[in-house]
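Residues per chain are reported as follows:
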Amino acid sequence: MKFNTKLIHGKVVSGYADGAILPPVAQAAAFRYESMEDLEGVFQHRKKGYAYSRIGNPTLTAFEQRINELEGGFSAISCSSGMAAISAALLTVCESGDEIIAGNGLYGGTIDLFRDLEKLGIHTVFADHLTAEAVGGLIGERTKVVFGELISNPSLRVMDIPGVSNIAHEAGIPLFVDSTTATPYIARPLSLGADVVIHSTSKYLNGGGNAIGGIIVDGGRFAWDFNRHRALMEFRKYGKAAFTIRLRTDIWENFGGCMAPVTAFLNCIGLDTLGLRMERICFNAERLAQALDRIPGITVNYPTLPDRPCRELAEKELQGLGGGILSFRAGSREKAFRIINRLKYALIASNIGDLRTLVIHPASTLYIHSSREKMEEAGVYDDMVRVSVGIEDAEDLIRDFTDAVSGAGDGVNQ
Ligand SMILES: *Cc1c(COP(=O)(O)O)cnc(C)c1O
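In this text, all values refer to a predicted model and were calculated from it rather than measured experimentally.

When you look at the nonpolar core in this model, what are you seeing that I'm missing?
Within soluble globular proteins, side chains that are nonpolar generally end up buried alongside one another. Grouped together as the largest cluster of nonpolar side chains are 93 residues, with contacts concentrated most on Leu-90 and Ile-216. Residue contributions to this core peak at 8 residues, all from helix α4 (residues 82-93). Both domain 1 (3-270) and domain 2 (275-408) contribute no fewer than three residues apiece to this core. One finds Ala-289, Val-300, Leu-305 and Leu-326 within the second-largest nonpolar core, a separate group that totals 26 residues.

Which parts of the structure should I look at to understand the pattern of salt bridges?
Applying the stated rule across the entire model yields 15 salt bridges. For the salt bridge of Glu-64 with Arg-248, the shortest nitrogen-to-oxygen distance reads 3.1 Å. Placement of the pair is Glu-64 in helix α3 (residues 58-71) and Arg-248 in helix α10 (residues 242-255), with a sequence separation of 184 residues. Residue classification places Glu-64 among the buried residues on the basis of a relative accessible area of 5%. Between Arg-399 and Asp-396 there is a salt bridge, with its nearest N and O atoms 3.4 Å apart.

Would you explain the domain arrangement of the protein chain in this entry?
Per the domain assignment, the segments of the protein chain are domain 1 (3-270) and domain 2 (275-408). The C-alpha-based centres of domain 1 and domain 2 are spaced at 28 Å. On the domain 2 side, the residues contacting the 41 residues of domain 1 number 38 residues. Of the roughly 3,100 Å² buried where domain 1 meets domain 2, counting both sides, 59% is carbon and sulfur surface. Joining domain 1 to domain 2, the criterion identifies 0 salt bridges.

Help me understand the packing of helix α12 (residues 274-293) against helix α16 (residues 394-407) in this model?
Packing of α12 against α16 leaves a shortest axis separation of 10 Å and a crossing angle of 30°. Relative to α16, α12 is oriented roughly parallel. Our pair here, α12 against α16, has a crossing hand that is right-handed. Every residue of α16 that contacts α12 at Phe-283, Asn-284, Arg-287, Leu-288, Ala-291 and Leu-292 is listed here: Ala-394, Leu-397, Ile-398, Phe-401 and Val-405. Grouping the amino acids of the contact of α12 with α16 by side-chain chemistry returns 9 nonpolar, 1 polar and 1 charged.

Teacher, can you tell me more about helix α7 (residues 161-170) here?
Residues spaced three or four apart along an α-helix face the same direction, because each turn holds 3.6 residues. Ile-161, Gly-163, Val-164, Ser-165 and Ala-168 are the residues of α7 that are buried. Considering only its buried residues, α7 is in contact with α6 (132-138), β4 (143-149), β5 (175-178), α9 (189-192) and α13 (311-317). Between the side-chain oxygen of the N-cap and the backbone nitrogen of Gly-163 there are 3.0 Å, and the N-cap of α7 in question is Asp-160. Within two residues after α7, Gly-172 carries a phi angle of roughly 80°, on the positive side.

What is the right way to read the sheet that holds strand β11 (residues 358-360) from this model?
Strands in a sheet are paired, the pairing made by backbone hydrogen bonds, and the direction either parallel or antiparallel. One open sheet accounts for 5 strands, arranged β8-β9-β12-β11-β10; its pairing is mixed. With partners counted over all chains shown, the strands left at the sheet margins are β8 (299-301) and β10 (347-348), one partner each. One ladder, built from 2 bridges, connects β10 with β11; its direction is parallel. The residue of β11 that forms the bridge with Ile-348 is Val-359. Packing of α12 onto the sheet brings it into contact with β8, β9 (325-329) and β12 (384-388), and relative to β9 it is tilted by some 10°.

Would you mind showing me how to read the pairing of strand β6 (residues 196-200) here?
Regular strands place side chains that alternate from one sheet face to the opposite one. Where burial is concerned, most of β6 is hidden: 5 out of the 5 residues are buried. Residues Val-196, Ile-198 and Ser-200 point to one face of β6 and Val-197 and His-199 to the other, with burial holding for every one of them.

I keep staring at the site of the ligand and nothing clicks. Help me out?
Lining the immediate environment of the ligand, one finds 14 residues, of which Gly-82, Asp-178, Ser-200, Ser-202 and Lys-203 sit closest. Between Gly-82 and the ligand, the recorded distance is 2.8 Å, taken from a backbone N or O atom to an oxygen atom. Asn-153 is positioned with one of its side-chain polar atoms (N or O) 3.0 Å from an oxygen atom of the ligand. Here the ligand, which alone exposes 380 Å², has 93% of that area covered by the protein. With 3 residues, the top contributor of residues to the shell around the ligand is α4. In the shell around the ligand, the residues fall into 4 nonpolar, 7 polar and 3 charged.

The rules behind the values
Residues numbered from 1 in each chain as written. Predicted model: local features only at pLDDT ≥ 70, side-chain atom pairs only at ≥ 80, totals over all residues. Heavy atoms only, no water. Core = buried A, V, L, I, M, F, W, Y, C linked by side-chain atoms within 4.5 Å. Buried < 20%, exposed > 50% of the residue type's maximum accessible area, 1.4 Å probe, protein only. Helix = DSSP H or I, 4+ residues; strand = E, 2+ residues; numbered from the N terminus. Domains from an automatic or database assignment. Salt bridge = Lys/Arg side-chain N within 4 Å of Asp/Glu carboxyl O. Contact = heavy atoms within 4.5 Å. Buried area = accessible area lost by both parts, 1.4 Å probe. Axes fitted to C-alpha atoms, helices over the stretch in contact; angles between N-to-C directions. Parallel < 35°, antiparallel > 145°, perpendicular 65-115°, else oblique. Left-handed = near helix turned anticlockwise from the far one by under 90°. Nonpolar A, V, L, I, M, F, W, Y, C, P; charged D, E, K, R; others polar. Polar contact = N/O pair within 3.5 Å; in protein donor to acceptor, adjacent residues only side chain to side chain. Pairing = 2+ DSSP bridges. Near = heavy atom within 4 Å. Areas by Shrake-Rupley, 256 points an atom, 1.4 Å probe, with all protein chains shown as cover.

Structure (structure tokens):
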């Protein structure tokens, strides 16, 4: 089955109870049993079933199995947000004294999280660009994981997953990839060499901008060395499943960042149209990037534009697609604001991956907690506008943006 057919006819969607075409919403906190022995069996994992929705729920299972199928994973776990997913995944393999290697130019919330982890004794070292050479030079005794974004938001750098994972694996380190901006429509990081894939489902997977969520997919192939990964020591009897088992029965369950059943349901509806939306969104984004790139004084960042540094990686890893996000530099912060304020169709909103086109000035919003230096390392500048392209007609979007740019005048003052 190809991608869109699998979305509609995949194994999971064909198997809901009573032939329901969507998973029933199990909006219940707890599940009752006929006897105490039955419930005991569920708690001891001898009997299939659910006990309490923080530690398992059938609507969550349906969504998790769909994403697991699309990513080609071993097991998936849904979370209350993308940030909950990233923190749970990292805390499953890191303890005090451990080190993470991460790329610059990551999502602002993730950079803020690394700062919080410092206070728990987990240190992050940053590579300017997550390449095999850069990662190789940073791996040390205490390194437990390499973390990066396949297409980074908002700097739009493309990670060389095969190169980085090879270097990491040689040193016994797994690679965790945040693939929120790529989605399984564009790439399947596990098949490229990643060990764990993370998504904020709030973005393209949901697609309608109606629920916050996250998901972690474990490839189940990484051979953990429990002398290095001491955080997993207690789970060593599970071998390659140690990450999933610790995550599910320990960190995820006890930190309590579970997804709401209705979110899993909304995500299942959104997922049905993921392929259609991504095809249209990538088409629109590339056309809009090309049109803006022709305007003097506007510098566009989009992975597949000619002569861009990540174009070759996009050809190799992203099927030549550039994704749905582009950014451009307007020349000054004032001009960036004027352009944003003149747009008719693009909504001024702090999100990506919606089917509506959204626009924001990252420096004054998403990076408000970052120093100028950290911001520029992340590829965010004072005159930069980020666009999350939607499914509107490309002609209308191009006209909206080109009119807004030409009407915004030049320089600081209009
Ligand atoms: C939005 C986003 C997150 C955080 O997800 P939330 O659902 O907002 O918690 C993480 N990584 C990337 C790349 C994102 O775009």
